[in-house]
Amino acid sequence: MKRLLIVSNRLPISVSRKNGDLRLQRSVGGLATGVGSFYKSYESLWVGWPGINIQKQQNEEKERIVDVLRKEQCHPVFLSPYDIRHYYDGFCNNTLWPLLHYFNLHAEYDPKTWQVYQRVNEKFCDAVMEVARPDDTIWVHDYHLMLLPQMLRERLPDAEIGYFHHIPFPSFEVFRHLPWREEILSGLLGADLIGFHTYGYVRHFLSSVRRLLGYEHTFGEVRTGTRVVRTDLFPMGIDYHRFADSAGSAPVQKEITRIRQMYGKRKIILSFDRMDYTKGIPLRLEAFDALLEKKPDYQGKVSLVLVAVPSRTGVRSYQTLKKRIDELVGRINGKYGTTDWVPVRYFYNFLPFETLVAFYSAADVALVTPLRDGMNLMAKEYVATRTDGTGVLILSEMAGAAEELGEAIIVNPNDRDAVIEAIETALAMPEKEQIERNRTMQRRLMRYDIEHWVGDFLTRLGDARTVRV
Ligand code: G6P
């Protein structure tokens, strides 16, 4: 079997320093969780950034990191503080991320960060060249590395190269704002197969390719003049059984008992995300506030558990968001809280897997209302964890996952009244109906799980070897 070379900005394992030692931790985010759950079952090597700042001269530490990561089938690409500032915080998270999520007013267009983005993509290309074997299948992931497929194509003309885009691809009218839009599209077209989560993203991408590069497409195939590049949708699944099976495990059951003791008979609404402005957390808090005000009967009977995992703390818009959320939580708790009831339980922290699954299991409602989200695996994880079939998912229509989870209560996250109504409906939903809705979604998620997703993408990639025309 061919070896699979996975390339992404972030490795599934992050390395940090603690008292002079190196500490390994699972990385957060959809890509690391999703792809991270299967790669070890393949003959594979994962090339990416280990999440630690390294100065050029720290060679001894670099070697130690290479060694510890080798055991995890990972190969590090070291980024300097300068790279992180201009490439990761800068072009990736201050330009591409907001633009591709339709937050064009947040996007900054700085030629300096663009230059560093190109250079870091070359750095990744060099790192791949260090480890690549002639027969490897190379699978590049996400918006940090949109130039990499073409760079690799130039150095490995016959390689099998796939690219998967984990975030939305916006409409042409939004994408066209980017000053380097043609370069980004040409970078992607170095791949043999380009995958997206939804049909909408595929359509938007093809329309940008046609309008900006003039390449026609039929049935998802783009003709560049020298090659044919395939595009298709591959909605990412989850490691279904990991979530379903863990729900009954002893450590999770212990956590559930602890949570239940803490909340007593109160209903729990769970909100769990990376701390990111695309997730719509302030609107969610405002809706909860309005609900308590409008329907005082809920006071003392419902708690919102708000878990926000720290993310991209070097980027200003994320710092501003954190402040806003701190204030909102403080305001709501100050307004309604009593000596024995905290309306919003707020954790700005990383949750261990068992605690997360316990919260999924204990929560009566999961409130997943991003303003834009490529997929949102959390919505799927919640449904998978509900082995007795109960629990209600409220899901934003702006999340890719909404295309597959139509039995959830689907809302427009900007419509506060609709969100309030959805919470009320969820809290009052009869158990029989909860079970019917969840069972249908569970069957779908079980069938199209992460293994299926990988298999599907790699099979299509195998079939889609570059055709010269
Ligand atoms: C999203 C992106 C991933 C990214 C993750 C976490 O899910 O699609 O590529 O890894 O967010 O963000 P971070 O900046 O911490 O890698």
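Each value, and the rule that gives it
- Residues numbered from 1 in each chain as written.
- Predicted model: local features only at pLDDT ≥ 70, side-chain atom pairs only at ≥ 80, totals over all residues.
- UniProt positions renumbered as here; feature names shortened; annotations may be inferred.
- Helix = DSSP H or I, 4+ residues; strand = E, 2+ residues; numbered from the N terminus.
- Rg over C-alpha atoms; globule rule 2.2 N^0.38 Å.
- Buried ≥ 20, exposed ≤ 12 C-beta atoms within 10 Å, placed from the backbone.
- Contact = placed C-beta atoms within 7 Å.
- Pairing = 2+ DSSP bridges.
- Right-handed = clockwise from strand over helix to strand, strands pointing away.
- Axes fitted to C-alpha atoms, helices over the stretch in contact; angles between N-to-C directions.
- Parallel < 35°, antiparallel > 145°, perpendicular 65-115°, else oblique.
- Nonpolar A, V, L, I, M, F, W, Y, C, P; charged D, E, K, R; others polar.
- pLDDT = per-residue confidence, 0-100.

An unreviewed UniProt entry lists the protein under the name Alpha,alpha-trehalose-phosphate synthase, from Methanoculleus submarinus. Here the protein is described in UniProt, under the heading Catalytic activity (unreviewed entry), as follows: "D-glucose 6-phosphate + UDP-alpha-D-glucose = alpha,alpha-trehalose 6-phosphate + UDP + H(+)".

> Even after reading the chapter, I still don't get the overall build of the protein, so can you show me in this structure?
If you tally the helices and strands in the protein, you get 17 helices and 18 strands. Computed over the C-alpha atoms, the radius of gyration of the protein is 22 Å, within 12% of the 23 Å expected from 2.2 N^0.38 for a compact globule of 469 residues. In terms of principal-axis extent, the alpha carbons of the protein reach across some 65 × 55 × 45 Å. Within the protein, buried positions represent 48% of all 469 residues. Counting only contacts in the protein whose residues sit at least 6 apart along the sequence, the fraction spanning at least 24 positions is 77%.

> For this particular structure, what's the right way to read the pairing of strand β16 (residues 392-396)?
Regular strands have side chains that alternate between both faces of the sheet. Most of β16 is tucked away: five of the five residues are buried. On β16, burial covers both faces: Val 392, Ile 394 and Ser 396 on one face and Leu 393 and Leu 395 on the other are all buried. Bridge analysis of strand β15 (residues 365-368) against β16 gives four bridges, and the strand direction is parallel. Looking at the pairing, Val 368 lines up with Leu 395 of β16. For the crossover from β15 across helix α14 (residues 377-385) to β16, the handedness is right-handed. In the sheet, β16 pairs with strand β17 (residues 409-411) via three bridges, with the strands oriented parallel. Looking at β17, one finds that Ser 396 is bridged to Val 411.

> In this structure, what is going on with the packing of helix α3 (residues 81-100) against helix α4 (residues 111-131)? I would like to understand it.
Packed helix pairs are specified by the crossing angle of their axes together with the interaxial distance, meaning the distance between the axes. Axis separation between α3 and α4 bottoms out at 8 Å; the angle between their running directions is 110°. Taken together, the axes of α3 and α4 are roughly perpendicular relative to one another. Packed against α3, whose contacting residues are Asp 83, His 86, Tyr 87, Gly 90, Phe 91 and Thr 95, the element α4 presents Lys 112, Thr 113, Trp 114, Val 116, Tyr 117 and Val 120 at the interface. Taken together, the residues that form the contact of α3 with α4 break down as six nonpolar, four polar and two charged.

> Sorry, what's going on with the confidence of the model for the protein here?
Interpreting fine coordinate detail is not advised for predicted regions of low pLDDT. Averaged over all residues, the pLDDT of the protein is 95; the fraction at 70 or higher stands at 99%. Interface confidence for the predicted complex, given as ipTM, is 0.98, next to a pTM of 0.96.

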